[in-house]
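Below are the chains, spelled out letter by letter.
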Amino acid sequence: MVRMRMNQAVAAALGDEMREDPDVVVFGEDVAVAGGPFKTSDGLLEEFGPSRVRDTPISEMGFLGMAVGAAASGLRPVAEIMFIEFLGVALDMVVTEAGKFHFLSRGAFTCPMTVRASIGAGLGFGCQHSQTMENWMSHAPGLKMVMLSGPQSAYGLLRSAIRDPNPVVVLEPRALYGGRGQVTTGADGIIPLGEARRVREGDDVTVVSAGAMVKVALAAAEASQDWSAEVIDLQTLIPWDRDGVVSAVRRTGRLVIVEESPYTSGWGTEIAAYVGARLFGELRAPVLRITCPDVPVPFGRELEQRYMPNPGYVTDQIDQLLVTGRAPDPWWVGEGRSA
Amino acid sequence: MGDADRMERRRAVAADRVARYERMVEIRAFEDRVQGLFAEGRVHGTTHTAQGQEAVAVGIAAAARPTDLVTCTYRGHGIGLALGMTPEVILGEIMGREIGCVGGIAGSMHLCDRELGLLPTFAIIGAGIPVAAGAALTAQVRGTDDAAIGVFGDGAANIGAFHEGLNLAAIWNLPVVFICENNQYGEYSRIDLTTPIEDLADRAASYGIPGIIVDGQDPDQTVEAVSAALDVARSGGGPTLLEMKTYRYAGHSRADKAEYRPEGEFERWYERDPINTFRARLESEGLLAAGDADGIDERVAARLKAAIEVVEASPPATVDAMFGNIYAPV
Ligand SMILES: Cc1ncc(C[n+]2csc(CCOP(=O)(O)OP(=O)(O)O)c2C)c(N)n1
Ligand SMILES: [Mg+2]
């Protein structure tokens, strides 16, 4: 085990895959000479050279299209989108091209590419650089998608993403890049796609979270004396671990989902609907989703903190759920705000 | 600071070269101070400053009318000040205060002033280019003689929106002026690493529109070039691409010390510093007398100091502002 920051774990996963597979190439804006705007590819250019590690112009559609072509013809490209919003100018290549190649070739072509993108709020970047946008990709069969929650998760999920024969989108909460943790590297550190991970045991409620919200859910669970929460890191958003989540919720009888994104059409909506249908009659409380309000991410420090679920708020919401047996209103509805 | 003040600031820049000089000094001092406030930990988030590019900003503001809509980038404080926005409303936005031009909920990258013609500034590269063409479409369809201006960086010339926007504007003969602030860098990459040609103005040829290289360090030339291109646009002559050769003195954003710059490059550009050379010219023409420039420096410094006090006294953006203006009322 090695102690490292999440951005270093990303670089370590990239380096290990590149060492094992000469077809893995890395490109994106300022990823080579500068080692990445968030230092997630530090040292790769020095070790693997300018043929396999390339800086691109500001041409997201162009370089993601190249990733599609390179993947279909034998390479395993890993392309970096600096902020998820910049994928907006290139979404076709991921959602409509990469995700359909296998289908449209009757299986003759695969598209083993990885798109890494930083996501999320909390750093004061304003509303065009703070979204998560996972639902841009979640409605496009053919794509897989994971969300990182810390150094080990970064290392393990990214390695699986690169090895997967399908296009995989890796969402990396920017606010976690600097956070440190112990990382098991090598084969033992690889985390399979499609499996959720239990990060805390508990009996009264199952809290499903992903990305930066895993830490928030954990802190919220630790803070309560009155109930014990099992906390799950979903890890893979598409295809998500249906059986794992259902069996966990069957045991506790209650499901709470914590998401860092607006309320409407979040990934948790899908989980709530699915679990609600599968476990109808077995649930001891309504499914509770704890999310951000339906507003653009505000800039000011206090507002931005308000925008995202924080541990105190999550604890309080779960308290209310357990005490009343009903799903409490989110804070903004409680304040009479309509969004 | 009320509307009258902003409009007066705009008129001054349009009318008077000495006022343009003073505005350039204000922009430089403002940007330096913004960097200082970040360094002191008094501001949250990130920022992109435009020291060295002041002559482009005043050139645009002096040539355009407030009814000509302008799109520009996250590196927009200088253009905002040049167009007439006050230091209070821009700094207020950067510091997340109620007094900010968007109420403090948007931050440094997102300035806006409808009366002065500034559309919300864009933090997605290239997005403002076709949007400017769209503003020009309105002028064309409605038959006004307004024009639009799309400002963007050299790095933006490699994104699809640039090519699509210029082509559309060209085939529809739209009254728009595209202004590329070629400050030699896109983030940490020098332009020659990302772009195979030296002069981005050359790209205009593939859309059949004029592409003109302008000395972006000379405010007399920037004003003249933008005015001429706007005249063409207003009189039905279609779009122009102006490539303003300029230089970004600071790093890309708050965290960047710009250590990737070749030695001596900054110094070479600084020899032609737009403020120093303009001051010397105004002095030699007798428009600035001995001591006038010092007086301007002092006035600007005092103005900025007062602005910071006003902003710091302004309350932080409210939760109401966060929930306001999501949808326009029906
Ligand atoms: C679509 C998109 N890709 C990437 C970025 C990240 N980014 C922000 S500024 C910048 C460099 C832009 O360079 P240039 O156009 O020359 O403008 P300058 O910053 O020099 O004013 C990049 C790559 C972005 N904002 N939008
Ligand atoms: Mg540039």
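Worth saying up front: this structure is predicted, and the values here are computed from it rather than measured.

**Q** Kindly report on the overall build of chain B, identifying the contributing residues and their values.
**A** Secondary structure summary: chain B contains 13 helices and seven strands in total. Taken along its principal axes, the extent of the C-alpha atoms in chain B is 55 × 50 × 40 Å. When the 330 residues of chain B are sorted by exposure, 56% land in the buried category. Within chain B, contacts between residues at least 6 apart in sequence are counted, and of these 75% link residues at least 24 apart.

**Q** Quick one: what's the story with the site of ligand 1, residue by residue and with numbers?
**A** In the region of ligand 1, 23 residues are neighbours, and F86 of chain A together with I125, G153, G155 and G186 of chain B sit closest. Nearby residues around ligand 1 are contributed by chains A and B. Taken together, the elements giving at least two residues each to the shell around ligand 1 come down to strand 2 (148-153) and strand 4 (185-186) of chain B. Within the shell around ligand 1, the residues separate by chemical class into ten nonpolar, six polar and seven charged.

**Q** Could you give an account of the nonpolar core, with specific residues and numbers?
**A** Formed by 209 residues in total, the largest nonpolar core has its most connected members in V146 and A217 of chain A together with I60, V176, V177 and L242 of chain B. Looking at which domains feed residues into this core, each of domain 1 (2-189) and domain 2 (197-334) of chain A supplies at least three. Not counting residues within four places of it along the chain, the set of residues in contact with V146 of chain A comprises L157, A161, V168, V170, L171, L193, Q235, T236 and L237 of chain A.

**Q** Just give me the short version of the sheet that holds strand 10 (residues 205-209) of chain A, but keep the residues and values in it.
**A** Residue and element names in this part refer to chain A. The five strands are arranged 9-11-10-13-14 in an open sheet whose pairing can be described as mixed. Edge positions in the sheet fall to strand 9 (197-200) and strand 14 (288-292), since each of these pairs with one other strand and no more. Neighbour-to-neighbour, the strand axes of this sheet turn through a mean angle of 25 degrees, independent of strand direction. Here strand 9 runs beside strand 11 (residues 229-233); their pairing, made up of three bridges, is antiparallel. Within the sheet, the bridge partner assigned to R198 lies in strand 11 and is I232. Against the sheet, helix 11 (residues 311-324) engages strand 10, strand 11, strand 13 (255-262) and strand 14, with an angle of about 155 degrees to strand 14.

**Q** Let's hear about the domain arrangement of chain A: which residues, and what values?
**A** Often, the extent of an interface is quoted as the loss of accessible area upon association of its parts. Residue and element names in this part refer to chain A. Considered domain by domain, chain A is made up of domain 1 (2-189) and domain 2 (197-334). Here the C-alpha centre of domain 2 lies 27 Å away from the C-alpha centre of domain 1. At the junction of the two partners, domain 1 supplies 25 residues and domain 2 supplies 21 residues. Of all elements in the fold, only strand 6 (144-147), helix 6 (151-163) and strand 7 (168-173) reach the threshold of two or more residues within the side of domain 1 that touches domain 2.

**Q** Any details on helix 12 (residues 292-313) of chain B? Residues and values, ideally.
**A** Residue and element names in this part refer to chain B. Taking 1.5 Å of rise per residue, the 22 residues of helix 12 would be expected to cover 32 Å, and the 32 Å separating its terminal C-alpha atoms lies within 8% of that figure. Within helix 12 the residues assigned to the buried category are A293, I296, V300, A307 and V311. Here the buried residues of helix 12 occupy an arc of 50 degrees about the axis, which is enough to place them on one side. Those residues of helix 12 that are exposed and aimed more than 90 degrees away from the buried face are D294, G295, E298, A302, A306, E309 and A313. Elements in contact with the buried residues of helix 12: helix 2 (17-39), helix 5 (87-94) and helix 11 (274-284).

**Q** Describe the interface of chain A and chain B, naming the residues involved and giving the relevant values.
**A** Across the boundary between the two partners, chain A contributes 28 residues, which contact 32 residues of chain B. A total of four residues in the side of chain A that touches chain B trace back to one element, the largest contributor, which is helix 10 (residues 301-307) of chain A. Tallied by class, residues from the side of chain A that touches chain B come to 14 nonpolar, six polar and eight charged.

**Q** Lay out the sheet that holds strand 1 (residues 69-71) of chain B with the relevant residues and their values.
**A** All names here are of chain B. One open sheet holds the five strands; their spatial order is 1-2-3-7-6, and the pairing between them is parallel. Two strands bound the open sheet, and with one partner strand each, they are strand 1 and strand 6 (211-215). Averaged over all pairs of adjacent strands, the angle between strand axes in this sheet comes to 20 degrees, irrespective of strand direction. Here strand 1 runs beside strand 2; their pairing, made up of three bridges, is parallel. Across the sheet, L69 pairs through a bridge with A148, a residue of strand 2. In this fold helix 6 (residues 128-142) packs onto strand 1, strand 2 and strand 3 (176-182), with an angle of close to 175 degrees to the strand it touches most, strand 2.

**Q** Pulling in residues and values, what's your account of the environment of G251 of chain B?
**A** All names here are of chain B. Looking at the element boundaries, G251 is found in the loop between strand 7 (240-245) and helix 10 (265-270). C-beta crowding within 10 Å serves as the criterion here: with 19 such atoms nearby, G251 is assigned to the partly exposed category. Taking C-alpha positions, G251 is 8.1 Å from T49, a pair spaced 202 residues apart along the chain.

**Q** Explain unusual backbone geometry to me, using residue names and the numbers behind them.
**A** With omega at -10 degrees, the peptide bond leading from I238 of chain A into P239 of chain A counts as cis. Its identity is not glycine, yet Q184 of chain B carries a phi of approximately 80 degrees, on the positive side. The phi dihedral of N325 of chain B falls on the positive side, at around 60 degrees, and the residue is not glycine. By secondary structure assignment, the location of N325 of chain B is in the segment after helix 13 (319-323). The exposure class assigned to N325 of chain B is partly exposed, which follows from the 13 C-beta atoms found within 10 Å.

**Q** Outline the pairing of strand 11 of chain A, listing residues and values.
**A** All names here are of chain A. The buried count for strand 11 comes to five of five residues, which makes it a mostly enclosed element. Residues of strand 11 alternate between two faces, with A229, V231 and D233 on one and E230 and I232 on the opposite face, all of them buried. Note on the crossover from strand 10 through helix 7 (residues 213-223) to strand 11: the handedness is right-handed.

Rules of the game
Residues numbered from 1 in each chain as written. Chains lettered and ligands numbered in written order. Predicted model: local features only at pLDDT ≥ 70, side-chain atom pairs only at ≥ 80, totals over all residues. Helix = DSSP H or I, 4+ residues; strand = E, 2+ residues; numbered from the N terminus. Buried ≥ 20, exposed ≤ 12 C-beta atoms within 10 Å, placed from the backbone. Contact = placed C-beta atoms within 7 Å. Near = placed C-beta within 6 Å. Nonpolar A, V, L, I, M, F, W, Y, C, P; charged D, E, K, R; others polar. Core = buried A, V, L, I, M, F, W, Y, C linked by C-beta atoms within 7 Å. Domains from an automatic or database assignment. Pairing = 2+ DSSP bridges. Axes fitted to C-alpha atoms, helices over the stretch in contact; angles between N-to-C directions. Expected span 1.5 Å × (residues − 1). Arc of directions from axis to C-beta. Right-handed = clockwise from strand over helix to strand, strands pointing away.

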